[in-house]
Amino acid sequence: MTKYNITEKKEKEAAYRSLVSPKLMDELEEKINNIIIIQKKYKDKNYSAKQLAEDLGTNTRYISAVVNVRFHMNYTSYVNQYRIQEAMSLLVDRRYQDLNMEDISDMVGFSNRQSFYASFFKINGITPREYKIKHLASHPSLLDRPKKRGRKPGSKNKAKTE
């Protein structure tokens, strides 16, 4: 795949992965999920593996080991999958239809549009714009604008002023 400069990575076995005990792995996995998913730190573009390690009182090698062993990906891919899930929801939510891709990208935690497009394409096989168009085509009711509430233009105020 040359589109978006995505290359397949070869699996390497890092020696430090086996140094983390299964009990510590379980504990760190739960804490990582809590911070990244529940607290939605994936939306913070500056929240790095280093910051996560500091917040958990551990080191980045342990974070890397847990993410690799338990989630079968690296830290960036782990965080980006949640960003992309959120972006997919925003792209088809009619409340956000007027936002451009840069706005969506920013809302979910990407630093720039290029990394957003590359991650989105890697996970879904299509670009965010293609996803939005495809989804809206299969759900045309989402194209309808919500009705505005209030008086109809030209109707007279029926309250009497005395």
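The following paragraphs examine the structure supplied in this document. (Residues numbered from 1 in each chain as written. Predicted model: local features only at pLDDT ≥ 70, side-chain atom pairs only at ≥ 80, totals over all residues. Heavy atoms only, no water.)

This part takes up helix α6 (residues 113-124). Its 12 residues give α6 an end-to-end C-alpha distance of 16 Å, which sits within 8% of 16 Å, the value for a rise of 1.5 Å per residue. Phe116, Tyr117, Ala118, Ser119, Phe120 and Phe121 are the residues of α6 that are buried. Those residues of α6 that are buried lie in contact with α4 (75-91), α5 (101-108) and α7 (128-138). Between the side-chain oxygen of the N-cap and the backbone nitrogen of Gln114 there are 3.2 Å, and the N-cap of α6 in question is Asn112. Of the residues one or two after α6, Gly125 is the one with positive phi, at around 80°. (Helix = DSSP H or I, 4+ residues; strand = E, 2+ residues; numbered from the N terminus. Expected span 1.5 Å × (residues − 1). Buried < 20%, exposed > 50% of the residue type's maximum accessible area, 1.4 Å probe, protein only. Contact = heavy atoms within 4.5 Å. Polar contact = N/O pair within 3.5 Å; in protein donor to acceptor, adjacent residues only side chain to side chain.)

A word on the packing of aromatic side chains. Taken as a whole and assessed by the stated rule, the structure comprises seven aromatic pairs. With centroids separated by 5.4 Å and ring planes inclined at 55°, the aromatic side chains of Phe110 and Phe116 adopt a geometry described as tilted. This pair shows no difference in class: Phe110 is buried, exactly as Phe116 is. Between the aromatic rings of Phe116 and Tyr117, the centroid separation amounts to 6.0 Å while the plane-to-plane angle is 90°, which identifies the pairing as edge-to-face. With a relative accessible area of 0%, Phe116 lands in the buried category. Given a relative accessible area of 8%, Tyr117 falls into the buried group. (Phe/Tyr/Trp six-rings, centres within 6.5 Å; stacked < 30°, edge-to-face > 60°.)

What follows covers the environment of Lys45. Position of Lys45 relative to the elements: it lies in the loop between α1 (22-38) and α2 (49-56). Non-local contacts of Lys45, meaning those with residues more than four positions away in its chain, are made with Arg83, Asp106, Gly109, Phe110 and Ser111.

Turning to the pattern of salt bridges, a few remarks are in order. Summed over the entire model, instances satisfying the criterion amount to seven salt bridges. A single salt-bridge network, built from bridges that share partners, covers Asp26, Glu29 and Arg70. (Salt bridge = Lys/Arg side-chain N within 4 Å of Asp/Glu carboxyl O.)

To continue, consider the packing of α5 against α6. Contact pair α5 / α6: the axes reach a minimum separation of 9 Å and the direction vectors enclose 80°. By the angle between their axes, α5 is roughly perpendicular relative to α6. Contacts between α5 and α6 involve Met101, Glu102, Ile104 and Ser105 from the former and Arg113, Phe116 and Tyr117 from the latter. In the contact of α5 with α6, the residues fall into four nonpolar, one polar and two charged. (Axes fitted to C-alpha atoms, helices over the stretch in contact; angles between N-to-C directions. Parallel < 35°, antiparallel > 145°, perpendicular 65-115°, else oblique. Nonpolar A, V, L, I, M, F, W, Y, C, P; charged D, E, K, R; others polar.)

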